[in-house]
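Remarks on the overall topology
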Amino acid sequence: MLNSLFTGPVFEMARDQLLVIANHLSIPEDERDWLLYPKRAIVVTFPVRMEDNRTELFIGYRVQHHLALGPAKGGTRFAANIDIGEIAALAIWMSWKCALADLPFGGGKGGVAVDPRALKPKELENLSRRYMQEMIPFVGPRTDVMAPDMGTNEQVMAWFMDTYSMYQGVTVPEIVTGKPVGTGGTLGRREATGHGVAFLAFRALDALDIAPATATAIVQGFGNVGSHAAMGLAARGVKLIGVSDHSAAYYDPKGLDVKALVAHAGRTGELAGYSSQATIAPRMLLEQPCDVLAPCAVERVIDADLARRLRCRIIAEGANGPTTPEADRVLADRNDGIFVIPDILCNAGGVIVSYFEWVQDLQQYFWSRDEVMDRLERALDRSWAMVVARAKRDGVSNRTAAMAIGVERVVKAKQARGLFP
Ligand code: NAD
């Protein structure tokens, strides 16, 4: 039954990864399904009034993977081809990520199957509000706290918060994170994920004895995570030699102008049209030699075939699930030791600062940007040190080490709480 509900390549990936960890940690067979399958999965369909007065029906999801450590926490994705298996996998990864960062949350994720770029602004608002309205019985500041993900942003979070608040009759900023500053959002959340990706890439450069000012980077995806990762890397002198999004890919070994790329994407919403020079086939871009390769777009872009051809020193996983388990095995067999900063460590900056936002909202007491960033960097450093030490101690990959720490914490919490009744 469970096997037929949660299907698809992304869910299979989350399952395969957990199997590796379950074997590594010798988790009893009868506890494995309990760890893998979500506590709750909500599917809704809802109509939205479109600009031409038609009614269109959409399907939306929310998955709460486990609630053993606190409310579910995770983003909401608006993307054309999502399904319940993919959302469940993303919720599972959020569980290990929150636990690795020692946050009092379980993993959650949600989304609507829609291409947000195809919607008019008012249609996007109608869809966002109606999705949140459908979710009201299932979410809450102590139950499940949403955040932005692919295809959603601060404005969508403001609509979610307003819709939830209108139904409660009071303003409830702590229902979502990633809101605009001034409506309960925290300073530093917008750039948190990309900043964290760059921060940990510097830790990895340092570990490999590469000076940032001599290093090069290629970034796939130029939305919230990719653009801030590129800016963070460039701020310390790393040369951005390649970049891509859904619309275009550019490669120039002499270096690309990050500020101009950010300005162009800010103006037009995509990289296409930035330049007629230096274009490259998107997949070819990822094979070019560089020090830091930062996939910051979608899942499963580094497959076994690409893993054999990569010429980077470090993979900094800004996206969730960019590397398949088959690619992980290829990377482990390569004798040139590409240093992988796994997603649940590398992109944890977003959920760490979301946690800070939730805490500030609950207390109605807001911190300075310096305080947020200082706490963020200290949190990332703690996780980094634990993962690197664990990988060394157990002779395993960074991904296995990171996941082992996260999974272990969830298992301990479940065991301590026991079965009810
Ligand atoms: P976004 O919607 O802001 O940007 C997504 C970017 O990916 C866009 O530039 C888009 O053009 C590009 N893209 C889409 N398909 C692509 C393709 N096939 N090839 C190349 N580029 C493609 O989303 P985001 O918030 O930056 O999220 C990106 C990734 O980071 C996702 O995997 C998301 O789950 C993960 N993530 C996001 C956050 C966050 O705080 N936003 C936190 C942790 C992880």
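To keep things clear, this report deals only with the structure shown in the data block. (Residues numbered from 1 in each chain as written. Predicted model: local features only at pLDDT ≥ 70, side-chain atom pairs only at ≥ 80, totals over all residues. Heavy atoms only, no water.)

Here we come to helix α16 (residues 398–417). Its 20 residues give α16 an end-to-end C-alpha distance of 29 Å, which sits within 8% of 28 Å, the value for a rise of 1.5 Å per residue. Of all 20 residues in α16, 14 are buried; the element is thus mostly enclosed. At the exit of α16 stands G418, carrying a positive phi of roughly 75°. (Helix = DSSP H or I, 4+ residues; strand = E, 2+ residues; numbered from the N terminus. Expected span 1.5 Å × (residues − 1). Buried < 20%, exposed > 50% of the residue type's maximum accessible area, 1.4 Å probe, protein only.)

What follows covers the sheet that holds strand β7 (residues 239–244). Read across the sheet, six strands follow the order β8-β7-β6-β9-β10-β11 without closing on themselves; strand pairing throughout is mixed. The sheet is open, and its two edges are formed by β8 (249–251) and β11 (339–341), each paired on a single side. Each adjacent strand pair in this sheet contributes to an overall mean axis angle of 20°, direction not counted. Looking at chain direction, strand β10 (residues 312–316) and β11 are connected through three bridges and run parallel. Note on β11: the bridge partner recorded for A316 is I341. The sheet strands contacting helix α7 (residues 189–207) are β9 (290–295), β10 and β11, and the helix crosses β10 at an angle near 145°. (Pairing = 2+ DSSP bridges. Axes fitted to C-alpha atoms, helices over the stretch in contact; angles between N-to-C directions. Contact = heavy atoms within 4.5 Å.)

Attention now moves to the side chain of R77. Mapped onto the elements, R77 comes out in strand β3 (residues 72–79). A distance of 2.5 Å separates a polar atom in the side chain of R77 from a polar atom in the side chain of E299. (Polar contact = N/O pair within 3.5 Å; in protein donor to acceptor, adjacent residues only side chain to side chain.)

If you walk through the whole model with that rule in mind, you get 13 aromatic pairs. Judged by centre distance (6.0 Å) and plane angle (25°), the ring pair of F11 and Y37 falls under stacked. A residue pair is termed long-range when its members are at least 10 positions apart, and F11 in helix α2 (residues 9–24) and Y37 in the loop between α3 (29–36) and β1 (40–49) qualify at 26 residues. The same class applies to F11 as to Y37, namely buried. One aromatic cluster is present, formed by F105, Y355, F356, W358 and W367 through successive ring pairs. Taking the ring centre of F202 as reference, the NZ or CZ of R236 above it sits at 4.1 Å. For the cation-ring pair, R375 lies above W367, with the distance from its terminal atom to the ring centre recorded as 4.5 Å. (Phe/Tyr/Trp six-rings, centres within 6.5 Å; stacked < 30°, edge-to-face > 60°. Lys NZ or Arg CZ within 6 Å of the ring centre and 35° of its normal.)

None of the figures reported here should be taken as evidence of function without further support.
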